[in-house]
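Each chain is listed here by its residues.
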Amino acid sequence: MSTLEEQIDVGVPLNVAWDCLHHVETYPRFLEGVSEARPGGGHLAHLDVTAGGRAQEFEAQITDRGKANTMEWQTTRGPDLAGTFSLLPIDRDHTQVQARIEYDPGAVKEAFGGPKGFAQATAIERLVRSDLEHFKELVEGERRAL
């Protein structure tokens, strides 16, 4: 398994960022390749994803460690992926969002196509960084709209 960690500071209180992460329907607004996302029963999320020119369905189990401000997820259908989003308060109006993704490079190559090894790791790093930037734009934009 390979692990990728990225972080970004967002200009919203922790509870605003936390709420956005828990609205599955907003995932297409900040996760590249996700065309539709809907909650399933219990703690499941269903994601329709287009990647590597192929449409696929993913299902992820989401669990919270609320006191630690951490949301964990693990795919139950689709390629073997797992990760966490940890939120750390910087001050009253700013939060650091830390993303940690664990993936099997071979499974990702099989599911999405593309390169393997360093080139794949670089592509995944760019994607996660881009997704975090889009998350920042989303939560800060919604905060300004209030």
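An account of the accompanying structure is given in this report. (Residues numbered from 1 in each chain as written. Predicted model: local features only at pLDDT ≥ 70, side-chain atom pairs only at ≥ 80, totals over all residues. Heavy atoms only, no water.)

**A short note on the pattern of salt bridges**
For the record, the criterion: Here, a salt bridge means any Lys or Arg side-chain nitrogen found within 4 Å of an Asp or Glu carboxyl oxygen. The numbering of helices and of strands both runs from the N terminus, where a helix is a DSSP run of H or I of at least 4 residues and a strand a run of E of at least 2. Under the scheme applied here, a residue whose accessible area is under 20% of the maximum for its type counts as buried, over 50% as exposed, and between as partly exposed, the area being computed with a 1.4 Å probe on protein chains only.
Inspection of every chain in the model, using the stated rule, returns 10 salt bridges. Residue Arg100 pairs with Glu5 through a salt bridge whose shortest N-O separation is 2.5 Å. With Arg100 in strand E7 (residues 94-103) and Glu5 in strand E1 (residues 2-10), this residue pair connects regions lying 95 residues apart in the sequence. A relative accessible area of 32% means that Arg100 is categorised as partly exposed. With relative accessibility at 52%, the residue Glu5 sits in the exposed group. Glu125 is the salt-bridge partner of Arg129, the closest N and O atoms lying 2.3 Å from each other. Placement of both Arg129 and Glu125 in helix H4 (residues 118-145) is noted, with a separation of 4 residues, approximately one turn of the helix.

**Considering the packing of aromatic side chains**
For the record, the criterion: In this scheme Phe, Tyr and Trp rings, the latter by its six-membered ring, pair at centre separations within 6.5 Å, and the angle between planes marks the pair as stacked below 30 degrees, edge-to-face above 60, and tilted otherwise.
Inspection of every chain in the model, using the stated rule, returns 2 aromatic pairs. Their ring planes at 70 degrees and their centres at 5.7 Å tell us that Tyr27 and Phe30 sit as a pair that is edge-to-face. Here Tyr27 and its partner Phe30 are both found in helix H2 (residues 27-30), 3 residues apart, which amounts to about one turn of the helix. Of the two residues, Tyr27 and Phe30, neither departs from the other in class, the shared state being buried. In this structure an aromatic cluster arises from ring pairing among Tyr27, Phe30 and Phe135.

**Looking at the nonpolar core**
The line we're drawing: Residues belong to a common nonpolar core when they are buried Ala, Val, Leu, Ile, Met, Phe, Trp, Tyr or Cys residues joined through side-chain atoms within 4.5 Å. Any two residues whose heavy atoms approach within 4.5 Å at even a single point are treated as in contact.
Core analysis: the largest hydrophobic core is formed by 36 residues, its most contacted members being Tyr27, Val97 and Phe135. The element contributing the most residues to this core is H4, with 6 residues. In contact with Phe135, other than residues within four places in its own chain, are Val10, Ala17, Cys20, Leu21, Phe30 and Val97.

**Details of the environment of Asp93**
Relative to the helices and strands, Asp93 resides in the loop between strand E6 (81-91) and E7. You can call Asp93 partly exposed: its relative accessible area is 29%. Separated by 79 residues in the primary sequence, Asp93 and Leu14 place their C-alpha atoms 7.7 Å from one another.

**Considering the pairing of E6**
The criterion, for reference: At least two DSSP bridges between two strands are needed for those strands to be called paired.
Both strand E5 (residues 70-77) and E6 contribute to a ladder of 5 bridges, which runs antiparallel. Looking across to E6, one finds that Gln74 is bridged to Ala82. Taking the residues between adjacent antiparallel strands as the criterion, E5 and E6 are bridged by 3 residues, where Gly78 takes a positive phi near 110 degrees. Where E6 meets E7, 10 bridges bridge the pair, whose relative direction is antiparallel. Across the sheet, residue Leu81 finds its bridge partner in E7, namely Tyr103. Where E6 folds back onto E7 in an antiparallel hairpin, the turn is made up of 2 residues.

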